[in-house]
Amino acid sequence: MTTIRRFCCNDLLRFASVNLDHLTETFNMSFYMTYLARWPDYFHVAEAPGNRIMGYIMGKVEGQGESWHGHVTAVTVAPEFRRQQLAKKLMNLLEEIGDKIDKAYFVDLFVRASNTPAIKMYEKLGYVVYRRVLRYYSGEEDGLDMRKALSRDVEKKSVIPLKRPVTPDELEYD
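Residues numbered from 1 in each chain as written. Predicted model: local features only at pLDDT ≥ 70, side-chain atom pairs only at ≥ 80, totals over all residues. Heavy atoms only, no water.

**Overview of the overall build of the chain**
The condition that has to hold: Here a strand is any run of E in DSSP of at least two residues, a helix any run of H or I of at least four, and the numbering for each starts at the N terminus. For a compact globule the rule gives 2.2 Å times the number of residues to the power 0.38, and the radius of gyration it is set against comes from C-alpha atoms. Whether a residue is buried, partly exposed or exposed follows from its accessible area with a 1.4 Å probe, protein chains only, as a fraction of its type maximum: under 20%, in between, or over 50%, in that order.
Broken down by element type, the chain carries three helices and seven strands. Here the chain has a C-alpha radius of gyration of 16 Å; the compact-globule value for 174 residues is 16 Å, and the two agree. The dimensions of the chain, computed from C-alpha atoms along their principal axes, are 50 × 35 × 30 Å. Going through the 174 residues of the chain one by one, you find that 48% of them count as buried.

Below you can see the structure in the form of structure tokens.
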């Protein structure tokens, strides 16, 4: 049975194996600690029996006015636990927190333009490509900014795609 719970400091010493996937962005410890301290509601882990970490989601809430939104910084599932709907469950949890608790207008995320399996999964979850960000990943690969409108965005304005690509320095939020 899978348990989904809030991420805690001890998990920082136990989740390295989940990050081994070449498509998973990894960060330094202080980055994870900042998220854990500032946005604990947006940082969850999926755990297998025996306390083995299966995957996690890390995010935040940011913006102002109609740009107030939840952001998925990272979601990843260890290869041996994929195809079990874990990413979907973690995404749904983050979306629900953004929608019900923080009253966000939308949730967004960035994904490598070459990561077709992830893009298809996000599309199945209701995300649309809002814009392309040129050379977003290490100044080399383009990223796609994908969004999903939440209940507060009744007219779905937040997901109307931009007509042109942008550069990382044009992004509103880090």
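**Let's talk about the nonpolar core**
Keep this limit in mind: Definition used in this section: a nonpolar core is a set of buried Ala, Val, Leu, Ile, Met, Phe, Trp, Tyr and Cys residues joined via side-chain atoms within 4.5 Å. Note on definitions: a residue-residue contact is assigned when non-hydrogen atoms from the two residues lie within 4.5 Å.
Core analysis: the largest hydrophobic core is formed by 43 residues, its most contacted members being Tyr56, Met91 and Tyr122. Every element with two or more residues in this core is listed here: helix H1 (29–38), strand E2 (43–48), strand E3 (52–62), strand E4 (69–77), helix H2 (86–101), strand E5 (106–112), helix H3 (116–124) and strand E7 (141–149). With residues up to four places along the chain from it excluded, the contact list for Met91 reads Ile57, Val72, Val75, Leu109, Tyr122, Leu125 and Tyr127. Grouped together as the second largest cluster of nonpolar side chains are five residues, Phe110, Val133, Tyr137 and Val166 included.

**Let's talk about the environment of Ile119**
You can see Ile119 is positioned in helix H3. In the structure, Ile119 is positioned 27 residues away from Met146 in sequence and 8.6 Å away in space, judged by C-alpha atoms. In contact with Ile119, not counting residues within four places along its chain, are Val111, Arg112, Ala113, Leu144 and Met146.

**Details of the UniProt feature "domain: N-acetyltransferase" (unreviewed entry) in the chain**
To keep it simple, the criterion reads: UniProt positions are given in the numbering used here, feature names are shortened, and annotations may be inferred rather than shown by experiment.
Annotation from UniProt places "domain: N-acetyltransferase" (unreviewed entry) at residues 2–151. The distance separating the terminal C-alpha atoms of residues 2–151 is 28 Å; by composition the span is 23% helix and 37% strand.

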